[in-house]
Every structure is written in structure tokens, then in C-alpha cells.
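Chain residues, written in single-letter form:
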Amino acid sequence: MEAAEALTLLMSPQGRVDPYPTYERLRAHGPVVQALPGLYVVTGYPEADELLRDPRLGVLDDALRDQVWPNWRQSPAITSIARSMLRTNPPDHSRMRRLAAGAFSPRRIAGMRDVVRAQAEELLDAMAGRASDGKPVDVLADFAYPLPVGVICALLGVPAQDRPLFRRWAGDLTGVLEPEITTAELAVADAGAAELRDYFVELIAARRRAPADDLTTALVQVHDADGDRLTGAELLANLVVLLVAGFETTTNLLGNGLVVLLRHPEAAAALRANPGLAPAYVEELLRYDSPVQLTTRTSTAPVRCGGLDLPAGSTTLLLLGAANRDPRRFSDPQRFDPTRDQAHPLSFGAGPHYCLGAGLARLEAQLAFPLLLRRLPELALAGTPRHRTRLTLRGYEGLPVMLGTPAVADRGTPAGALGNTP
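Residues numbered from 1 in each chain as written. Predicted model: local features only at pLDDT ≥ 70, side-chain atom pairs only at ≥ 80, totals over all residues. Heavy atoms only, no water.

Enquirer: Provide a residue-level description of the nonpolar core, including the pertinent values.
Expert: F104, F143, F166 and F200 are the most contacted members of the largest nonpolar core, which totals 116 residues. The element best represented in this core is helix α15 (residues 232–262), accounting for 15 residues. If we skip the residues at most four places from it in the chain, F143 touches A120, L123, L124, M127, P148, A368 and L372. The next biggest cluster of nonpolar side chains, apart from the first, holds 17 residues, and it includes L7, Y23, L26 and L317. (Core = buried A, V, L, I, M, F, W, Y, C linked by side-chain atoms within 4.5 Å. Buried < 20%, exposed > 50% of the residue type's maximum accessible area, 1.4 Å probe, protein only. Helix = DSSP H or I, 4+ residues; strand = E, 2+ residues; numbered from the N terminus. Contact = heavy atoms within 4.5 Å.)

Right, dumping it as C-alpha cells:
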């Protein structure tokens, strides 16, 4: 199959639901391949890692965005992403990232361990209660979504009663992160983005009236003290992106990972017996079925990588899910093996745009998986789960499960006993 044909297949509904066979078709052309004029696709791990760190490659800037979406400034969804640290280059990216970094420091994240575990226990109690009649429950709706949204909302200072609003808004908005989006999908994304921005306008006003110990207050105070450090548009955009990125990827990590564990019962039994294995398990789950499958970069100068010359102005599609299964980096990469020597999956990226919340997502997963397996030892899939037809953010539409007989929670177990490696 020609590279261009394989890329077309990858973007199709079939390719998006299960991209891994198509990754191998693209890999057959080499770790870096020109799929279309001006468009290069990367499947190799060292090549992706190198390009993510190369300062000559950046995210789409306004001038190039004008070529792709001439009317993008009229789109609430696109502007919400474009004005955030997610879609800006240095020095603007570096400036904005420094302002938010303190909320995601290793010390701050380690201090959230007890909070995360308490939220997870509470959600499991509620889920077990809903399943008391023996009917299936949706572990995405009842656990994998509310856990990370509760954690990121606590960081941002979003009131608990407002958290249910965000799943639809985020699901609609993240459509603009896909490589392709239809006019109808963009309209849905715009509607979600407009509602989310309206919400944050009100939250910002509330924090001006009554400051709190949260990230929203901190960013509002930076903006009000010095608009040159954070403009009003940047303040809104980064609140939107921090919220959406803060739980959408973690929800997918929990959902994708749980399916993998339930389909590998011996591995699940080992983690159930020894929660201290959780850090290694989470790294392998990130590698095996990454919640983020791709990202793009544009070159500002000629770059040579993987034996090819990437000219200035060319676009590079970095397939993180393919790089995580590069056989040059991982032996037998199609096999789930939590005992393998870890080699740092690229699921959270690398370089300047390395995911700001990666440590928090890891903490949540390291606590959640042992708790799920221990509290629900008879947990089983109720049918075959269906993936969404999304490629960038890979996850399930829903995840119905049967709980069996839940184990009695050991409330005397110290929080640090479950996956106590930060």
C-alpha cells in the first residue's frame, strides 16, 4: 500500500477506530515517509522523539492557520485552542507555561495523593451501589470521567456542582484537535467552546470578587497585575485548555487501560496482588494503547530526519501511537508486557510541549487501577466496547461492565500503600 493510500485509510472511520494495522503499513515505508507534497508522516520512536525536541519545528502559527482555516478567528473552538499554550510557540508558549507550571509541580502533585484516592474510593462506593441489582454499569461515566474531572476542577476552583457540565463541552470542543473536521463537527465544537468560555468569564468575575486558593485565581491575578504577562484572550484560552486537557486524556487512559487489563487477566491478577507494580503498569498501558495518538509540527527551517529532508514550511504528522510500537525501541511491541524494561513512551509528547499534567495523570492512573481491581475483583466487560471515531484522542464511547460482588473497602489502608511510587 502506498503511503498516501495508507494515510487516507488512517483518516477513515475504520482507520480511526483501529489505527494500529495502518501504522504498520506506513512503517513499511520507513520511520519517516512523505505521504503527500509538503506532508511527512513519522512512525519511528527515535525520529518522533528527535523532532518533538527540535526547536526548528513548532506548532501551527497564525499565518499558516490562515491558510488552513481562513475564517478561524470567527470560530470559538479554534481560537480557544489557538490562543492557549497548547498551540503557541516560544516565547509566548514559554511565558504562558511558566505561569501554570506551579500547579503541576512534583511536590504539588504528590500532595494530592490522598485527595485523589479519597475521590476514587467515593466513586467506587457509588458505582457499586448502582450495580447492586446485577445490571451493567458504565465505568467511563461512573468512574473514569468523574475522577479526573473532579481533580482538575479542584485545581481550577470549579464548584463541585458544576462538574457534570464539562463532559459534553470537552467532548464537543476536542473535535478541533483531530487531523480533519467536518463543517458540522466544527459547528458542534464552536457551540461547546462558546458555552465553556461563557462559564469561565463568570468564574473569572467570581474570583475577582472573592479570590481563592486555586489556579484560576492565580492566573486572574497575573493578568490583572500585568496584562503583558497574560492577556485576556490567553487567560480564557488557557483555562479552557487546562480543563479539557486535564481530564479528557486521563479519562481515556483509565478506560483504555482497564480494557487492556481485563483482556489480560494474569497481568490484572498480578497488579491486584501487588499494587506497588502500578507505575510500571501505567507506563506500559500508555505505550500499548496511548490516549493521545498523534500531534503535528511545522518546520521553520530545513530539517533532516530519518534519511529524508523536511523542507521549511512542511508539516509533520507525528504518530505517537506508532512510535510507541516501534520494534527498534520495544521488543515484541504488539504484546502487552508490564514487566518489560521501560523506555519512556511518547504518549505525553516530548520537548517544550511535553504535557504539563503528565505527572497528575500518572498519579491518578497509578491509584485508580489497583483500587478498581481490588475493590471489584469480579469486574468484567459487559459486551464489546466501541471506540469513538477519533484518532488524536483515542478512547471509548462507553464502557459497560459487570461488577460481580464488590470487596469490602479497607478504610484502614493508608493512602500511600497503593502505588506509592510518585
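Enquirer: A description of the sheet that holds strand β9 (residues 380–381) should follow, citing residues and the corresponding values.
Expert: The sheet built from three strands is open, its strands ordered β4-β10-β9 with antiparallel pairing. On the outer flanks of this sheet lie β4 (137–138) and β9, each paired with one strand and no other. (Pairing = 2+ DSSP bridges.)

Enquirer: Go over the pattern of salt bridges, please, and point to the residues and values.
Expert: Applying the stated criterion across every chain, the model contains 28 salt bridges. In this structure, R375 engages D125 in a salt bridge whose closest nitrogen and oxygen atoms are separated by 2.7 Å. Of this pair, R375 sits in helix α19 (residues 358–375) while D125 sits in helix α9 (residues 113–130), and the two are 250 residues apart along the sequence. The class for R375 is buried, based on a relative accessible area of 8%. You can call D125 partly exposed: its relative accessible area is 34%. Salt-bridge contacts for R328 lead to D326; the nearest nitrogen and oxygen are separated by 2.8 Å. (Salt bridge = Lys/Arg side-chain N within 4 Å of Asp/Glu carboxyl O.)

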